[in-house]
Amino acid sequence: KGGARRDYGTEAREFGVFAGRRVPTLGRLQRWAAMGITLGFAGREHLVATFPFDAVAITPATPLKDGDKGVALAFEQALASGQIDAREAVILYLILQERRGEGSEWEPYINVLPKRPGSSSLLSEADLRYIRGTNLFKAVQSLQAELPREFSNRILPVMNSILEADPSTERGSVSYDDYVKYFTTFWSRTLALPVPIPSEDGRGGMEFMELDSIVPGLDFANHSGGAANARWQLDPKSRAIQLYATRALTEGNEVFIKYGDRSNEQLMFQYGFAEEDNPNDSIMLHLSQFAEKMFAGEETKEMSKSLDEWNARVSIARDKGLPLKAFLCARDIDRRTGAAKALPEAFMQTLEVLVADPSCETGESTGKRTGDHSFGALALATKMFQSVVYTLESQSEGTGTLEADRALLERDSQASEEGSEGSLTSYQRMCIIYRMGQKRIARAYLQFAQEQLSKLMKE
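On a predicted model such as this, the values are computed, not experimentally measured, just so you know.

What counts, and where the lines are drawn
- Residues numbered from 1 in each chain as written.
- Predicted model: local features only at pLDDT ≥ 70, side-chain atom pairs only at ≥ 80, totals over all residues.
- Heavy atoms only, no water.
- Helix = DSSP H or I, 4+ residues; strand = E, 2+ residues; numbered from the N terminus.
- Buried < 20%, exposed > 50% of the residue type's maximum accessible area, 1.4 Å probe, protein only.
- Contact = heavy atoms within 4.5 Å.
- Areas by Shrake-Rupley, 256 points an atom, 1.4 Å probe, with all protein chains shown as cover.
- 1 Å grid on protein atoms, 1.4 Å probe; cavity = no way out; pocket = protein on both sides within 12 Å on 5 of 7 lines; lining within 4 Å.
- Points joined across faces, edges and corners; volume = space filled by probe spheres on them.
- Nonpolar A, V, L, I, M, F, W, Y, C, P; charged D, E, K, R; others polar.
- Axes fitted to C-alpha atoms, helices over the stretch in contact; angles between N-to-C directions.
- Parallel < 35°, antiparallel > 145°, perpendicular 65-115°, else oblique.
- Pairing = 2+ DSSP bridges.
- Phe/Tyr/Trp six-rings, centres within 6.5 Å; stacked < 30°, edge-to-face > 60°.
- Salt bridge = Lys/Arg side-chain N within 4 Å of Asp/Glu carboxyl O.
- Core = buried A, V, L, I, M, F, W, Y, C linked by side-chain atoms within 4.5 Å.
- Expected span 1.5 Å × (residues − 1).

### Looking at the overall build of the protein chain
Here's step 1: Counting secondary structure elements, the protein chain contains 15 helices and twelve strands.
Here's step 2: Looking at the protein chain as a whole, 48% of its 459 residues are labelled buried.
Here's step 3: When contacts within the protein chain are restricted to residue pairs at least 6 apart in sequence, long-range pairs at least 24 apart make up 69% of them.
Here's step 4: Approximately 23,300 Å² of the protein chain is accessible, and the part contributed by carbon and sulfur atoms is 51%.

Shown next, in the form of structure tokens:
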């Protein structure tokens, strides 16, 4: 069925891929007898759909094989000159197909695409306030500021040259809204596929490179991290993308695949949704986001001196090959206690450099330690985690407490169950689920760091 659940526009319908008949999970011997040799060795999986790669996949190579030689040449020149990249070539190719209308072989696919694809790049000012204080908030603001400039300065001239090369297309300039629609369509439906490209060895052979591509039909399948009942693969012999049911399906069951082990931040930014209790959820910390906050309150002169020392130590850590960022992962949190099980080891080594005695030639900290961590490094980690929690949960910078978020979702769910319309849109609910995960992770790591620091102080 057409569309995608990720469309959180005004349309009430939800879309996905659904089983048209019962799909059993037969044993290997039963399958051999019931379905023949072709699927006899597929274990407990059942082939439910096949997508011929060369016929249906829209890859960065597709525009170069367009039936209109002028169009193909325009794309080739734009890619060769660096005016657009491979992903943007696919986006512009989709816009071209919409302009071609009934003259496009892709018209049936274009017609069933959501009018408002799910993506955080489309967040309104009203929606943005639901993710204040998060890394996603900064990323979306940056994208929304950059995209219009990129469109005007670089994308639009290329798109106009492509349209001029195709006499069959509808005339008229492409608007920024047109570009955003297919920008989000691409990013919310893409898969990394091995695409054949000419080999650089000069022998005329082909080699495969993973490129972001679209597979019409398969791209309607929604994601589920914990309840996926299907998987896809590219069969190298038949050059077909195969969709296998990994669990029994009854007629009307939705088919779910996994988009990968993605955090809610990645899911929100690219697809516009988040998963509750996502085991792959995480928060990214980067030293650059703490520098000024660490020394706020000091006199201007002292703050400048402190920042200079901080930056010098960051340079030492970088020269040592130590990471300047860390991912605090949900999978490393004890579900019983709610505290993290450990601190990211490599990042803690970076903090050891930052708190080292300037007179120490090794650039490593001295003093009391618990395990591999010094008092100074634990104190710095604690201060960082406190800063993250404050940024996420304060009313001035963030969106309130984790408890307030939980109550807000409960009230909205209760209103829906009672038959009245909730106060939250689907997208706003996703924003709250995402930010709750961020707050939960930040608290868990803060709790662990404080416990370790307290333990060390008692020794």
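### Brief notes about the layout of surface pockets
Picture a little ball the size of a water molecule; that probe, rolled over the atoms, points out where space is still empty.
Here's step 1: Size it by volume and the largest pocket reaches roughly 570 Å³.
Here's step 2: Lining of the largest pocket is provided by 26 residues; of these, Asp 277, Ile 333, Arg 335, Gly 437 and Arg 440 occupy positions nearest its centre.
Here's step 3: With nine residues, the top contributor of residues to the lining of the largest pocket is helix α15 (residues 426-458).
Here's step 4: Of the residues contributing to the lining of the largest pocket, the split by class is nine nonpolar, five polar and twelve charged.

### Quick look at empty space enclosed by the protein
Here's step 1: Evaluation of the coordinates by the stated rule reveals two cavities of 30 Å³ or more.
Here's step 2: Of the pockets and cavities examined, the largest cavity occupies roughly 70 Å³.
Here's step 3: Along the walls of the largest cavity sit eleven residues, with Arg 189, Leu 191, Asp 219, Ala 221 and Tyr 259 positioned nearest its centre.
Here's step 4: Residues that form the lining of the largest cavity fall into these classes: six nonpolar, two polar and three charged.

### Things to note about the packing of helix α12 (residues 345-354) against helix α13 (residues 375-393)
Here's step 1: Relative to each other, α12 and α13 sit at 110 degrees, their axes nearing to 8 Å. Classed by the angle they form, the pair α12 and α13 counts as roughly perpendicular. For the pair formed by α12 and α13, the contact residues are Phe 347, Met 348, Leu 351, Glu 352 and Leu 354 on the first element and Ala 377, Leu 378, Leu 380, Ala 381 and Met 384 on the second.

### Some words on the pairing of strand β8 (residues 254-257)
Here's step 1: Along β8, one buried face is formed by Glu 254 and Phe 256 and the opposite face, lined by Val 255 and Ile 257, is buried too.
Here's step 2: Here strand β1 (residues 17-18) runs beside β8; their pairing, made up of two bridges, is antiparallel. Its bridge partner lying in β8, Phe 18 is registered against Glu 254.
Here's step 3: Taken together, the two bridges between strand β5 (residues 222-223) and β8 define a ladder with parallel strand orientation. Along β8, the bridge assignment pairs His 223 with Ile 257.

### Here's the deal with the packing of aromatic side chains
Here's step 1: Tallying each qualifying case throughout the model produces ten aromatic pairs.
Here's step 2: These aromatic residues form a ring-pair network of at least three members: Phe 151, Tyr 176, Tyr 179 and Phe 183.

### Some details on the sheet that holds strand β7 (residues 240-245)
Here's step 1: The strand order β2-β7-β6 describes an open sheet built from three strands, whose pairing is antiparallel. Two strands close off the open sheet at either side, each with one partner strand: β2 (46-52) and β6 (230-235). Here the average twist between neighbouring strands, direction ignored, is 25 degrees.
Here's step 2: Alignment of β2 against β7, held across six bridges, turns out to be antiparallel. Paired with Pro 52 across the two strands is Ala 240, which belongs to β7.

### Some remarks on the pattern of salt bridges
Here's step 1: Scanning all chains against the criterion turns up 16 salt bridges.
Here's step 2: One salt bridge in this structure joins Arg 154 and Glu 150, with 2.5 Å as the shortest N-O distance. Taken together, the residues Arg 154 and Glu 150, both in helix α7 (residues 135-165) and four residues apart, mark about one turn of the helix.
Here's step 3: Looking at Arg 154, the relative accessible area reads 23%, which means it is partly exposed.

### Some remarks on the nonpolar core
Here's step 1: Phe 75, Leu 92, Ile 162 and Tyr 179 are the most contacted members of the largest nonpolar core, which totals 80 residues.
Here's step 2: Excluding anything up to four places from it in sequence, Tyr 179 contacts Glu 88, Ile 91, Leu 92, Ile 95, Leu 147, Phe 151 and Ile 155.
Here's step 3: In this structure, Leu 285, Trp 310, Ala 326 and Leu 343 belong to the second largest nonpolar core, which totals 42 residues.

### Re helix α8 (residues 176-189)
Here's step 1: Between the first and last C-alpha of α8 there are 20 Å, a value that for 14 residues agrees with the 20 Å anticipated at 1.5 Å per step.
Here's step 2: Buried within α8 are the following residues: Tyr 179, Val 180, Tyr 182, Phe 183, Thr 184, Thr 185, Phe 186, Ser 188 and Arg 189.

### As for the environment of Ala 55
Here's step 1: When you line up the elements, Ala 55 lands in helix α2 (residues 53-56).
Here's step 2: Given a relative accessible area of 52%, Ala 55 falls into the exposed group.
Here's step 3: Residues Ala 55 and Val 215, spaced 160 residues apart in sequence, show a C-alpha to C-alpha distance of 9.8 Å.

### Regarding the sheet that holds β8
Here's step 1: Spatially, the three strands line up as an open sheet ordered β1-β8-β5, and their pairing is mixed. The open sheet has two edge strands with one neighbour each: β1 and β5.

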